[in-house]
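# Understanding the architecture of this molecule
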Amino acid sequence: MEFIIVTEQYAPAVALIQLNRPKELNALNRQLMEEVRDALKGLDANANVRAIIITGNEQAFAAGADIKQMADMSAIDMLLIDQFSTWDQIRKTKKPVIAAVSGFALGGGCEFAMTCDMIVASETATFGQPEIKIGTLPGAGGTQRLTRAVGKAKAMELILTGRFMPAEEALTHGLINKIVPVEMYLKEAVALAQEIARMSPVAVQLAKEAVNRSFETLLDEGLAFERKNFYLSFASADQKEGMKAFIEKRKPNYTGK
Ligand code: HXC
């Protein structure tokens, strides 16, 4: 791995992927995204990992797709390279993924954070889709995910002006989960990841799937999907353990089975 650092047990059952192109503000070149995809695939299959954090550094989560890599490409180059199949694989990660964001999360960086399940931000985090300023538009889900998160009016304004949105505004409009001081954002993401890692991983996976389904489908189908996953959870030893532990007034011991 050249552009990311992967720590399988950053905290018990919590893995960390750190984007590591600091001089370029973690601009997302294609190799970096492929490395993230490969890392996530490995961590998804690793039974010792129950939650994953993706972070950058204090200055930047990521300042966007690598403009220098894209600048001279043709539409057909883009079509043939098909970089978004990498992004599609990333978004299919089954385990919960938390973005720990400080500094810039712009363009593809904002889209990448939105691809994650939750966003913990530092006070300096800045979100935006500034592609309009360089003659293009978001291509990795920004027009869709930002709109669903903050609503049409705010998304339209941000995407058509390219204005950066400070963390406070992102929190007010439901884009992110919480804001903490800079020295705390990674610790806070770890605490959130550990809280989730204490739950049944089977139930977490089924619940994540069901929440994500709400973005893909009509209410009736979404409810049916949720119901099937709810029933399926009753096939797990963890559901039996969880309910038994409640009745016996003790902490559950989840095995992920
Ligand atoms: C390539 C980038 C970059 C990017 C920053 N750098 N962002 N390189 N792609 N997206 C590089 C700069 O060229 C510079 O390298 C170094 O990082 C530091 O950046 P500066 O601009 O000197 O820093 P600063 O003045 O602090 O300004 C920070 C900034 C600005 C406001 C974040 O860098 C900026 O506007 N970046 C571009 C943001 C953007 O437009 N993102 C959307 C990209 S398109 P050198 O070598 O010159 O020192 C996109 C499409 C997504 O994301 C869809 C497809 C996946």
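Note that the coordinates shown come from a computational prediction; the quantities given were computed from them, not determined experimentally.

Following the criterion strictly, the structure yields 13 salt bridges and no others. In this structure, lysine 154 engages glutamate 169 in a salt bridge whose closest nitrogen and oxygen atoms are separated by 2.7 Å. Of this pair, lysine 154 sits in helix α7 (residues 152–161) while glutamate 169 sits in helix α8 (residues 167–172), and the two are 15 residues apart along the sequence. The burial state of lysine 154 is the same as that of glutamate 169; both residues are buried. Across the pair glutamate 241 and arginine 250 runs a salt bridge whose closest N-O atoms are separated by 2.8 Å. Residue arginine 250 is classed as partly exposed on the basis of its relative accessible area, which comes to 33%.

To continue, consider a nonpolar patch on the surface. A cluster of nonpolar side chains, contributed by Phe230, Tyr231, Phe234 and Met243, occupies part of the molecular surface with about 440 Å² of accessible area. On the basis of relative accessible area, methionine 243 is assigned to the partly exposed category, the value being 44%.

Turning our attention to the domain arrangement of the protein chain. In terms of domains, the protein chain is made up of domain 1 (4–198) and domain 2 (201–248). Computed from C-alpha atoms alone, the centre-to-centre distance between domain 1 and domain 2 is 26 Å. With 10 residues of domain 1 in contact, the opposing surface of domain 2 contributes 7 residues. For the pair domain 1 and domain 2, the summed buried area comes to about 670 Å², and 52% of that belongs to carbon and sulfur atoms. For lysine 208, the salt bridge is made with aspartate 117, and the minimal N-O distance between the two is 2.8 Å. Classifying every residue of the side of domain 1 that touches domain 2 gives 3 nonpolar, 1 polar and 6 charged.

With that settled, the discussion passes to the nonpolar core. Most often, soluble globular proteins have nonpolar side chains that are buried together. Among the nonpolar cores identified, the biggest contains 43 residues, and Ile54, Phe112 and Phe127 are the most heavily contacted of them. By residue number, the principal contributor to this core is helix α1 (residues 30–44), which donates 6 residues. Other than its neighbours up to four places away in sequence, isoleucine 54 contacts Ile17, Leu19, Val36, Leu40, Phe61, Val97, Ile98, Ala99, Ala100, Phe112 and Cys116. In this structure, Ala11, Val120, Ala189 and Leu192 belong to the second largest nonpolar core, which totals 17 residues.

With mixed pairing, the 6 strands of this open sheet are ordered in space as β1-β2-β3-β5-β7-β10. Of all strands in the sheet, those bounded by a partner on one side alone are β1 (4–11) and β10 (178–180). Between one strand axis and the next, the sheet turns by 20 degrees as a mean value, whatever way the strands run. The pairing of strand β7 (residues 118–122) with β10 spans 3 bridges and is classified as parallel. Among the inter-strand pairings, valine 120 is bridged to a residue of β10, identified as lysine 178.

Definitions and limits used
- Residues numbered from 1 in each chain as written.
- Predicted model: local features only at pLDDT ≥ 70, side-chain atom pairs only at ≥ 80, totals over all residues.
- Heavy atoms only, no water.
- Salt bridge = Lys/Arg side-chain N within 4 Å of Asp/Glu carboxyl O.
- Helix = DSSP H or I, 4+ residues; strand = E, 2+ residues; numbered from the N terminus.
- Buried < 20%, exposed > 50% of the residue type's maximum accessible area, 1.4 Å probe, protein only.
- Patch = residues over 30% accessible without salt bridge, like charges linked within 9 Å, V, L, I, M, F, W, Y side chains within 5 Å.
- Areas by Shrake-Rupley, 256 points an atom, 1.4 Å probe, with all protein chains shown as cover.
- Domains from an automatic or database assignment.
- Contact = heavy atoms within 4.5 Å.
- Buried area = accessible area lost by both parts, 1.4 Å probe.
- Nonpolar A, V, L, I, M, F, W, Y, C, P; charged D, E, K, R; others polar.
- Core = buried A, V, L, I, M, F, W, Y, C linked by side-chain atoms within 4.5 Å.
- Pairing = 2+ DSSP bridges.
- Axes fitted to C-alpha atoms, helices over the stretch in contact; angles between N-to-C directions.

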